Each structure stands twice: as C-alpha cells, then as structure tokens.
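Examining the three-dimensional arrangement
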Amino acid sequence: MEIINSITQMREKVKHHQILGQTVGFVPTMGYLHEGHASLLAAAKKEADIVVLSVFVNPLQFGENEDLDNYPRDEKRDQTIAQKNGVDYLFMPAIDRMYPTEMGIHLSINQRVGVLCDRTRPGHFQGVITVLTKLFNIVEPTFTYFGMKDAQQVAVVDLLIQQLNFNIQLRMIPTVREADGLAKSSRNVNLSEAERKQAPLIYQSLKHAETAIINGEADAEKVTAAVATKIKAAGGTIDYIEVLTYPELLPITTINQTVIVAVAIKYQRARLIDNVIVNIVN
Ligand code: AMP
C-alpha cells in the first residue's frame, strides 16, 4: 500500500493503471475506519483491479455548530486497517491541498434535499458534492462505493454522477451493524455508556416499521407515529423521522412504492442516523 498526500501524485498513479487498462475502485471516507468502511473496501477489492481509499475530513460539509472538532481521527490506525483490507493507495490530502484558496465556485443542489439531514444540516450536501466532484476528478475511478447507512448521501451522489456525467458506476453497499443492531459509525465512540445501551432501539424501531409496511400498513403517517412511539426509549432527541420515496426522496402519504424510513437522533456528543429501505412489490 502506498500513502499519497499529493493530488499530482495521486493523478499520476491512477494514470499509470488506466494506461494498463486496469479498473479503479474508489472508497471516499472521513476516516476513523470501522467494519462499515471495510465492507466498502471488500466490495471494491472484489470488483476492481486497484483500490483507492481516501481519508479526508471535509470541513465544507460540517455546519458551524457541528462536530468538526470532535470528529474522531486516528491516522495510524486508519493506515493499518487500510493495509489489512487490501487498499493499494491511501489518499490522505491535507486540507490546504484540497482547498488551497477559498472556494469561488459553489455547487448547489435542489433535488433529493430539503428533507432528512438537509433540514437540520443546511449546506451539508453542497459540501459533500463539492468534495466528491474534486475527488472524482482526481481519482477518476471506474467504480465508487457508498454505504446505505447514509442513504440520502447515496441518493445525492447518484444524482451528481447522473447529472454531471461522471463516467463512474455507483455501488450501494448495505449497512454494517453491531451485534445488537446499532449501525456502525465513527461517531459511536462519542456516545456515553448509557446512550450506547439505548441506541440499538433506533434500528429496532425501524425494523418494526419495515415489518408493518411489508404486512400491508400503507399509511405513512401511522408508520411515522409508530416509530416515534417506539424510539422514545432510545433516549436522545429526535431530529427527524420520515417516510419518503427512494431514491427521489419525495413525500408520500400512501405507501405504494419503494420507500425509505429514516431517523436521526441527537445525543449529547453524537448525532446518529439510520434507515431501512422497504421495497414494495406491486
Ligand atoms: P464516513 O467516513 O462516515 O463519511 O463514511 C464513508 C463511507 O462509509 C460512506 O459511504 C458511508 O455511508 C459508509 N459507511 C459508514 N458507516 C457504514 C456502515 N455502518 N455500513 C456501511 N457503510 C458505512
């Protein structure tokens, strides 16, 4: 595995493999790697000739009062995990290499937003599409791998790739969970012991909703209300509970197509998100 900090060097490496006709699988992350990230790397390893992992905590996607400073970081540990998971190139650019001058170009998005995380994290997805546009242009991957834990992000990346004509195939990877169902997240280390005990109820509430929909519950409001009741025992403060079409993320009252049931819960030092996608076969 090679660790790369320079954009120019990253481009040269990729160019070399492209000339050889090799495919490149790209996994963008913010580091503090866990089994969720490892499953994206495993999918990349299986499919692509070369695996590029980026670790970059992107300041643009954090709001003013968000957890940028608290965001967990451990470069050495990330390097070990990357190596173990068969990464060929670990791209870790410094902030001033990615943003040497203040951005004078701003990408904006007005579809698949205005709901879920975009409600309470205004500007977050602008930050995400900006950094991904830069990373996609640097790495020029054949395939890119994203986790369904961040389902709105997947929907947004899908739109970015389609509408800006990136020649990249998007792969959506299922959420990896702890034994008790809690979605693995770099932010879980910021939960208190008591919060960690309550947090598995988030997924249990979502599974309950999924079962209800599969068994014929078509009233989105009732599904939302049932999740709200169940999830109270998970502690924290409910940021949102929403049922929307997927991947368009449009409102729906009668569930008659594939939907996402998604929640965000704010704890003392961590905000957790989770979701289930329920496929309705008509
Ligand atoms: P992050 O480092 O949190 O920005 O995440 C980088 C990528 O890993 C994103 O595509 C996430 O959706 C994905 N990811 C994070 N947690 C999980 C998980 N528990 N299971 C699967 N993918 C995940």
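Please read all numbers here as calculations on a predicted model, not as lab measurements. Here, residues in each chain are numbered from 1, in the same order as that chain's written sequence. Local features in a predicted model are, by the rule used here, given only for residues with pLDDT of at least 70; side-chain atom pairs are given and counted only at 80 or more, and totals for whole chains, interfaces and linings are based on all residues. Hydrogens and water molecules were not included; the side-chain quantities draw on all heavy atoms of the structure.

Describing the overall build of the protein
To be explicit about the condition: The secondary structure listing takes helices from DSSP runs of H or I that are at least 4 residues long and strands from runs of E that are at least 2 residues long, numbered from the N terminus. We take the radius of gyration over the C-alpha atoms and set the globule estimate at 2.2 Å times the residue count to the 0.38 power. The classification of residues rests on relative accessible area computed with a 1.4 Å probe and restricted to protein chains. Under 20% of the type maximum is buried, over 50% is exposed, and intermediate values are partly exposed. We call two residues in contact when some of their heavy atoms are within 4.5 Å.
For the protein, the helix and strand inventory stands at 10 helices and 9 strands. A compact globule built from 282 residues would reach a C-alpha radius of gyration of about 19 Å, and the protein, at 19 Å, matches this within 12%. When the backbone C-alpha atoms are referred to their principal axes, the protein occupies close to 55 × 45 × 40 Å. Considering the protein as a whole, with its 282 residues, one finds that 52% of them fall into the buried category. The contacts of the protein with a sequence gap of at least 6 include a subset with a gap of at least 24, amounting to 73%.

What about the UniProt feature "binding site: beta-alanine" (unreviewed entry) in the protein?
As a reminder, the rule being used: UniProt positions are given in the numbering used here, feature names are shortened, and annotations may be inferred rather than shown by experiment. Counted as a polar contact is a pair of N or O atoms within 3.5 Å, where, for protein atoms, one must be capable of donating a hydrogen and the other of accepting one, and residues adjacent in sequence contribute only when both atoms are in side chains.
The feature "binding site: beta-alanine" (unreviewed entry), as annotated in UniProt, sits at Gln 61 in this numbering. Positionally, Gln 61 belongs in the loop between strand S3 (50-55) and helix H3 (75-84). One polar contact links Gln 61 to Asn 58, side chain to side chain, over a distance of 2.9 Å.

Structural notes on the environment of Ala 42
Locating Ala 42 in the fold gives a position in helix H2 (residues 35-47). Among the residues examined, Ala 42 registers a relative accessible area of 43% and is labelled partly exposed. For Ala 42 and Tyr 145, which are 103 residues apart along the polypeptide, the C-alpha to C-alpha distance reads 10.0 Å.

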